[in-house]
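The lines below spell out each chain.
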Amino acid sequence: MPEATEARRVGFLAEGPLHGYELKERIKALSGHVRPVSDGALYPAINRLAAAGLLEQHTQDGASAAPRKVLSLTAAGRAELLARLREPKAVEISDQVRFNTVLSFLRYLPDPAEQAEVLRRRLEFLNAPSSFFYRGGEPVRAEESGDLFREGMLRVARATGAAERAWLTEAIETLSPAAP
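Our subject in this report is the structure included herewith. (Residues numbered from 1 in each chain as written. Predicted model: local features only at pLDDT ≥ 70, side-chain atom pairs only at ≥ 80, totals over all residues. Heavy atoms only, no water.)

Observations concerning the packing of helix α2 (residues 20-31) against helix α3 (residues 39-51)
Moving on, step 1. At their nearest, the axes of α2 and α3 sit 11 Å apart, and the two run at 120° to each other. With respect to α3, the element α2 is oriented oblique. In this structure, α2 meets α3 at a crossing whose hand is right-handed. Here Gly20, Tyr21, Leu23, Lys24 and Ile27 of α2 come into contact with α3, specifically with Asp39, Leu42, Tyr43 and Ile46. (Axes fitted to C-alpha atoms, helices over the stretch in contact; angles between N-to-C directions. Helix = DSSP H or I, 4+ residues; strand = E, 2+ residues; numbered from the N terminus. Parallel < 35°, antiparallel > 145°, perpendicular 65-115°, else oblique. Left-handed = near helix turned anticlockwise from the far one by under 90°. Contact = heavy atoms within 4.5 Å.)

Laid out in structure tokens, this is it:
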């Protein structure tokens, strides 16, 4: 079975066929400089997904270049994408860049209750006490860091986390049916 991140990142193909370069550029726009994707990683991943029957590749004449391969998601690929969106791995909930990838394609899950469940898992993760820094096994709060720069890092993370928790709460309420 292909790596979950591979399958999810080709979620862009759920929007329509793309050339490999176009897919790479969309992945780059999503994960940016934080996790760049190299040709040496992308094209073997494409080949693994195609071999698993999750992608189709066909050649298209290039406008001013050599023929290019166009990638399309197969029915099996779409089913795999949906399955992985329903049950993201723990690291895909806890890692911000990976969670953004999940979030980018969550709209393809047809059931709002399933979408809300994924968001609940992220909210539970964010509500657990944590820090970038620990002292005696306990998370260090910004005000306790004793370091101007670590304090800044922790304050920004706190503000970002608060904004994300607020959005997640709103989104879950929107996706959840009102109780009768």
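Continuing now.
With respect to the pattern of salt bridges
Moving on, step 1. Under the defined criterion, the tally for this structure stands at 9 salt bridges.
Moving on, step 2. One salt bridge connects glutamate 15 with arginine 107, and the closest N-O pair in it is separated by 2.6 Å. Linking glutamate 15 in the loop between α1 (4-9) and β1 (18-19) with arginine 107 in the loop between α6 (96-105) and α7 (112-127), this pair joins segments that are 92 residues apart in sequence.
Moving on, step 3. Between arginine 122 and glutamate 164 there is a salt bridge, and its shortest N-O distance comes to 2.8 Å. On the criterion of sequence distance, the pair formed by arginine 122 in helix α7 and glutamate 164 in helix α8 (residues 148-175) is long-range, its members being 42 residues apart.
Moving on, step 4. The buried category is assigned to arginine 122, whose relative accessible area is 2%.
Moving on, step 5. In this structure glutamate 164 comes out as buried when scored by relative accessible area, which is 14%.
Moving on, step 6. Among the ionic contacts, a cluster of salt bridges with common partners joins Glu15, Arg26 and Arg107. (Salt bridge = Lys/Arg side-chain N within 4 Å of Asp/Glu carboxyl O. Buried < 20%, exposed > 50% of the residue type's maximum accessible area, 1.4 Å probe, protein only.)

Observations concerning the side chain of lysine 24
Moving on, step 1. With respect to the element layout, lysine 24 can be found in helix α2.
Moving on, step 2. Sequence-distant contacts of lysine 24, that is, excluding residues within four places in its chain, are made with Val37, Asp39 and Leu42.

Re the sheet that holds strand β2 (residues 55-60)
Moving on, step 1. Taken in spatial order, the 3 strands line up as β1-β3-β2 in an open sheet, and their pairing is antiparallel. Looking along the sheet, the strands with just one partner apiece sit at the ends: β1 and β2.
Moving on, step 2. Note that β1 and strand β3 (residues 68-73) share 2 bridges and pair antiparallel. Residue pairing across strands places histidine 19 opposite valine 70, the latter belonging to β3.
Moving on, step 3. Lying on the sheet, α3 is in contact with β2 and β3; it crosses β2 at an angle near 115°. (Pairing = 2+ DSSP bridges.)

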